[in-house]
Amino acid sequence: MGLTIAQKIIKEHLISGDMSKVGSEIALKIDQTLTQDATGTMAYLEFETIGIPRVKTEKSVAYIDHNTLQSGFENADDHRYIQSVAKKHGIYFSRPGNGICHQVHLERFGKPGKTLIGSDSHTPTGGGIGMLAMGAGGLDVAVAMGGGAYYISMPKMYKVNLTGKLSPWVSAKDVSLEILRLLSVKGGVGTIIEWGGEGIKTLSVPERATITNMGTELGATTSIFPSDETTREFLKAQGREQDYVPLSSDEDAVYDKIIDIDLSTLKPLIACPHSPDNVKPASELTDIKVDQVCIGSCTNSSLADMLKVAAILKGKTVADGVSLSISPGSRQVFSMLSECGALADMINAGARILECACGPCIGMGFSPNSGGVSLRTFNRNFEGRSGTADGKVYLVSPETAAVSALTGYITDATTCGTAPEITMPEKFTINDSAVLAPASEQDAKDVEILRGPNIKPFPETKPLAESISAPLILKVGDNITTDHIMPAGAKILPYRSNIPYLSQFCFGVCDKTFPERAKEAGSSIIVGGINYGQGSSREHAALVPLYLGVKAVIAKSFARIHAANLINAGIIPLTFVNEADYDKLSQGDDLVMSDLYNSLASGEFTLVNKTTGEEIKLVGEFTQRQTDIIKAGGLLKYTKGE
Ligand code: MIC
Ligand code: SF4
């Protein structure tokens with residue numbers, strides 16, 4: 001039987017497990033890692049605790065791109081800490097201002113056929129260049145940097161077969177939104193999505209990366225494109241042709257599902273508030289007045305995207321009621337925009353140019369006005385993420401963003417005449433001076449690690465007790481995101497290395513009283529619905545509940561990375577045998593789970609609701625490794641053998 005692209009890479013990197021058994025745990029060798037600063041500080045603290053002097057990967061890069069506002073000493077201290085750790089332990093350091101991790105990694109480091117894990121859920125952007133690139137918790141990345149395997153459940157294989165060619169004004173973002181419309185935010189859970197068919201020849205590497213980037217919003221383990229002549233051309237233009245290897249699926253590869261999309265039938269699409277799968281055609285939303293437009297993020301900040309935007313804006317002026325921000329994805333993109341004059345076209349049209357960083361995407365400034373409508377070329381529009389609680393965020397393509405910024409209303413770009421043609425340069429401008437190489441092994445021992453006062457220790461964990469007796473401290477519904485559990489934004493993000501401080505904001509979007517109540521209870525249990533923990537890879541969404549005493553989360557289903565983060569933190573993620581039992585639990589109920597060690601062995605757990613007297617069957621099928629991690633009180637203790 002033939003293999004898919006992902007199966008080929010898995011086969012080459014398989015350390016243990018049976019890749020023919022979908023759903024079973026497999027261990028993979030990891031070639032490259034990336035971190036960003038919002039999750040990186042914690043990941044490097046964990047790496048230091050593991051105690052391995054030098055990374056064992058082929059390439060590990062630490063990016064600074066999330067926390068660049070520096071409204072106090074905290075961010076700058078964390079940057080300095082990461083820079084010194086990177087230097088000491090063999091990690092490349094991408095300085096603040098050099099760009100968004102995924103965009104820079106694609107341009108400068110990604111290699112077809114390699115495995116990459118990153119402490120950021122949009123790491124699958126690397127799938128655009130034929131990498132098996134996955135988002136992971138910081139602790140998993142720390143372990144991989146130390147040479148440890150990365151564990152996933154063997155995914156199902158989906159294929160999206162593209163035919164035709166995108167029409168003028170329609171772009172890769174619309175493809176991402178179309179697949180979200182078809183599959184929903186949970187439609188990719190447990191799968192790897194491979195993109196193929198004749199249509200992919202019409203898509204450049206950055207366009208492919210826009211598509212694999214948003215595969216994260218489908219809940220997919222990752223998404224991947226073949227490595228073909230287009231990939232070679234891109235690598236050549238980046239001065240890295242030597243990194244090219246061809247990669248395609250076998251003719252007789254078997255897929256669990258095949259989805260056909262004819263690119264020529266697609267129209268401009270928009271994801272309406274507050275979910276990336278709430279997709280409608282732009283043409284149905286043209287009555288909506290726009291207050292703000294933000295162009296950038298790891299989804300849509302390539303040179304091609306920016307050149308298109310500049311061409312649309314050239315010689316025109318942004319509508320009176322609209323505030324337009326543009327953040328190029330990398331210093332390479334930024335400098336090339338300035339070299340060719342496109343930057344001037346943006347500035348003259350009235351755009352507010354932001355630095356190359358995540359910026360508004362993670363609520364680091366540029367929050368919309370009260371109740372404001374914000375059109376963003378980003379990948380997430382979860383409630384409150386923009387920093388304005390009642391802001392209404394619509395996810396759009398760069399084309400839709402630019403034309404709407406000019407008219408002041410959501411605009412169907414296909415009604416705007418001839419689409420601009422852009423010419424891509426044959427070579428990108430290469431200047432890696434903002435990527436600092438680590439110290440040599442020889443010099444590393446003299447490198448001092450610089451720690452600021454904002455860095456607080458990893459929360460204390462204890463080995464698992466025989467039973468849990470705790471109140472149901474919070475009951476939430478379906479599709480709870482990590483932005484609900486542990487919000488980000490300008491006020492909170494600087495404290496990613498300070499779990500005690502962060503804990504005050506845990507679940508703030510759902511229930512402001514949660515942190516206090518949880519602390520008071522000492523031990524507690526959370527109950528959730530479908531797809532609990534979707535979104536970000538932030539392990540803080542597990543570490544903060546751990547700090548607040550949460551012992552178990554019971555949900556109808558979990559998002560992959562968050563479930564792994566809970567286990568890594570020593571919190572037990574359990575699901576209902578019978579989903580209807582969710583209704584038998586109410587916030588405040590007194591719950592007991594006994595005989596946990598035997599339950600872990602059998603996978604069957606019994607929850608007694610002491611308030612109602614009812615017994616509820618739960619399931620938690622963990623591998624031996626996961627069981628041992630939970631028993632040890634988390635991955636850090638397990639890795640250290642404590
Ligand atoms: C996000 O887009 O939510 C983030 C911020 O990039 C996160 C990482 C984080 O929370 O630091 C992600 O997607 O993993
Ligand atoms: Fe940064 Fe936004 Fe991309 Fe997350 S989704 S890495 S916050 S640009």
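Structural data are supplied above this passage.
Model, not experiment: these values are computed from the prediction.

Definitions and cut-offs
Along each chain, residue indices are assigned from 1 in the same order as the chain's sequence is written. The naming scheme follows written order: chains are lettered A onward, ligands numbered 1 onward. Reporting of local features is limited, given that this is a predicted model, to residues whose pLDDT is at least 70; pairs of side-chain atoms are given and counted only at 80 or more, and all residues count toward the totals for whole chains, interfaces and linings. With hydrogens and water set aside, each side-chain value is computed from the structure's full complement of heavy atoms. Here, any two strands with at least 2 DSSP bridges between them count as paired. We count a stretch as a helix when DSSP gives it H or I for four or more residues in a row; a strand needs E for two or more, and each element gets its number in order from the N terminus. The contact criterion used throughout is that any non-hydrogen atoms of two residues lie within 4.5 Å. Structural elements are reduced to axes, namely lines fitted to C-alpha atoms, with helices fitted over the stretch in contact, and the angle between N-to-C directions of any two is expressed from 0 to 180 degrees. For classification purposes, an angle smaller than 35 degrees is called roughly parallel, one larger than 145 roughly antiparallel, one from 65 to 115 roughly perpendicular, and anything else oblique. By the definition used in this description, the sense in which the near helix is turned from the far one sets the handedness, with an anticlockwise turn below a right angle giving left-handed and a clockwise turn giving right-handed. Classes in brief: Ala, Val, Leu, Ile, Met, Phe, Trp, Tyr, Cys and Pro nonpolar; Asp, Glu, Lys and Arg charged; the others, Gly included, polar. Only buried residues count toward a nonpolar core. Its members are Ala, Val, Leu, Ile, Met, Phe, Trp, Tyr and Cys residues joined through side-chain atoms within 4.5 Å. Throughout this description, buried means an accessible area under 20% of the type-specific maximum (1.4 Å probe, protein chains only), exposed means over 50%, and partly exposed covers the range between. Salt bridges, as used here, are contacts in which a Lys or Arg side-chain nitrogen is within 4 Å of a carboxyl oxygen on Asp or Glu. The criterion for a residue being near a molecule or strand is simple. One of its heavy atoms has to lie within 4 Å of it. Between 30 and 60 degrees the pair is tilted, below 30 it is stacked and above 60 it is edge-to-face, where a pair is any two Phe, Tyr or Trp rings, Trp via its six-membered ring, whose centres lie within 6.5 Å. Geometrically, a charge over a ring is one whose NZ (Lys) or CZ (Arg) sits within 6 Å of the ring centre while staying within 35 degrees of the ring normal. This arc describes the spread of directions from the helix axis toward the C-beta atoms.

Novice: Could you give an account of the sheet that holds strand β5 (residues 92–94), naming the residues involved and the relevant values?
Specialist: Pairing within the open sheet is mixed, and its six strands lie in the order β7-β6-β3-β4-β5-β20. In this open sheet, the two strands that pair with only one neighbour each are β7 (132–135) and β20 (435–436). Of the strand pairs in this sheet, strand β3 (residues 32–35) and strand β4 (residues 59–63) are connected by four bridges, and their pairing is parallel. The partner of glutamine 32 across the bridge, within β4, is lysine 59. Contacting β3, β4 and β6 (115–118), helix α5 (residues 138–145) crosses the sheet at an angle of about 140° to β3.

Novice: I'd love a proper account of the packing of helix α2 (residues 37–50) against helix α3 (residues 73–89), names of residues and values included.
Specialist: If you want to describe how two helices pack, look at the angle between their axes and the distance between the axes. Direction vectors running N to C along α2 and α3 enclose 45°, while the axes themselves pass 10 Å from each other. Relative to α3, the element α2 lies oblique. Between α2 and α3 lies a crossing whose hand is left-handed. Contact residues: α2 offers Asp37, Gly40, Thr41, Tyr44, Leu45, Phe47 and Glu48, while α3 offers Asp78, His79, Tyr81, Ile82, Val85 and His89. The residue inventory of the contact of α2 with α3, partitioned by class, reads six nonpolar, four polar and three charged.

Novice: Please give an account of the nonpolar core that cites residues and values.
Specialist: Residues Phe507, Phe514, Ile526, Tyr532, Ile572, Met593 and Leu618 are the most contacted members of the largest nonpolar core, which totals 100 residues. Considering each element in turn, this core owes the most residues, six residues, to α5. In this view, isoleucine 572 contacts Leu464, Ile468, Lys551, Ala552, Val553, Leu596, Phe622 and Ile630; residues no more than four positions away in its chain are not counted. Grouped together as the second largest cluster of nonpolar side chains are 59 residues, Val318, Leu324, Val333 and Tyr394 included.

Novice: Talk me through the pattern of salt bridges; I want residue IDs and the actual numbers.
Specialist: Across all of its chains, the model carries 23 salt bridges by this definition. The partner of lysine 114 in a salt bridge is glutamate 58, and the shortest N-O contact between them spans 3.1 Å. Of this pair, lysine 114 sits in the loop between α4 (101–108) and β6 while glutamate 58 is found in the loop between α2 and β4, placing the two residues 56 residues apart along the sequence. One salt bridge in this structure joins arginine 108 and aspartate 432, with 2.8 Å as the shortest N-O distance. Highlighted residues: arginine 108 in helix α4 and aspartate 432 in the loop between α12 (398–407) and β20, separated in sequence by 324 residues.

Novice: Could you give an account of the pairing of strand β21 (residues 468–475), naming the residues involved and the relevant values?
Specialist: Across four bridges, the pairing between β21 and strand β25 (residues 590–593) is antiparallel. Bridged to alanine 470 within β25 is leucine 591. Bridge analysis of β21 against strand β22 (residues 524–527) gives three bridges, and the strand direction is parallel. Bridge pairing in β22 places lysine 475 opposite valine 527.

Novice: Quick one: what's the story with the packing of α2 against α5, residue by residue and with numbers?
Specialist: α5 packs onto α2 with a crossing angle of 45° between their chain directions and a minimal axis gap of 8 Å. One finds that α2 runs oblique with respect to α5. The two elements α2 and α5 meet at a crossing, and its hand is right-handed. Counted together, Ala43, Tyr44, Glu46, Phe47 and Ile50 of α2 and Gly138, Leu139, Ala142, Val143 and Met145 of α5 form the full contact between these two elements. Considering only residue class, the contact of α2 with α5 consists of eight nonpolar, one polar and one charged.

Novice: Provide a residue-level description of the site of ligand 2, including the pertinent values.
Specialist: Neighbouring residues of ligand 2: His66, His102, Asp120, His122, Ser297, Cys298, Cys358, Cys361, Ile362, Asn379 and Arg385. In terms of residue class, the shell around ligand 2 is built from four nonpolar, five polar and two charged.

Novice: Talk me through the sheet that holds strand β8 (residues 150–153); I want residue IDs and the actual numbers.
Specialist: Ordered by their spatial adjacency, three strands build an open sheet running β1-β2-β8, and the pairing between neighbours is antiparallel. Edge positions in the open sheet fall to β1 (14–16) and β8, since each of these has one partner strand only. Across the sheet, the axes of successive neighbouring strands diverge by a mean angle of 45°, strand direction being ignored. The pairing of β1 with strand β2 (residues 25–28) spans two bridges and is antiparallel. Within β2, the residue paired with serine 16 across the bridge is alanine 27. Against the sheet, helix α1 (residues 5–13) contacts β1 and β2, and its axis sits at roughly 55° relative to β1.

Novice: How would you sum up the packing of aromatic side chains? Please name residues and give values.
Specialist: Under the definition given, this model contains seven aromatic pairs. Between tryptophan 195 and phenylalanine 225, the aromatic rings sit 5.9 Å apart at their centres with planes inclined by 10°, giving stacked as the arrangement. Here tryptophan 195, found in strand β10 (residues 191–196), pairs with phenylalanine 225, found in the loop between β11 (222–224) and α8 (229–237); they are 30 residues apart in sequence, far enough to count as distant. Among the aromatic side chains, those forming a connected cluster through ring pairs are Tyr495, Tyr501 and Phe505. Of note, lysine 475 hangs over the ring of tyrosine 582, and the distance from its end group to the ring centre comes to 4.0 Å. The cationic tip of lysine 556 hangs over the ring face of tyrosine 582; the distance from NZ or CZ to the ring centre is 4.4 Å.

Novice: Kindly report on helix α11 (residues 342–349), identifying the contributing residues and their values.
Specialist: Every buried residue of α11 is listed here: Ala342, Leu343, Asp345, Met346 and Ala349. Down the axis, α11 shows its buried residues gathered within 160° of arc, on one side only. Next to the buried residues of α11 lie α9 (303–313), β16 (323–326), α10 (331–340) and β17 (352–353).

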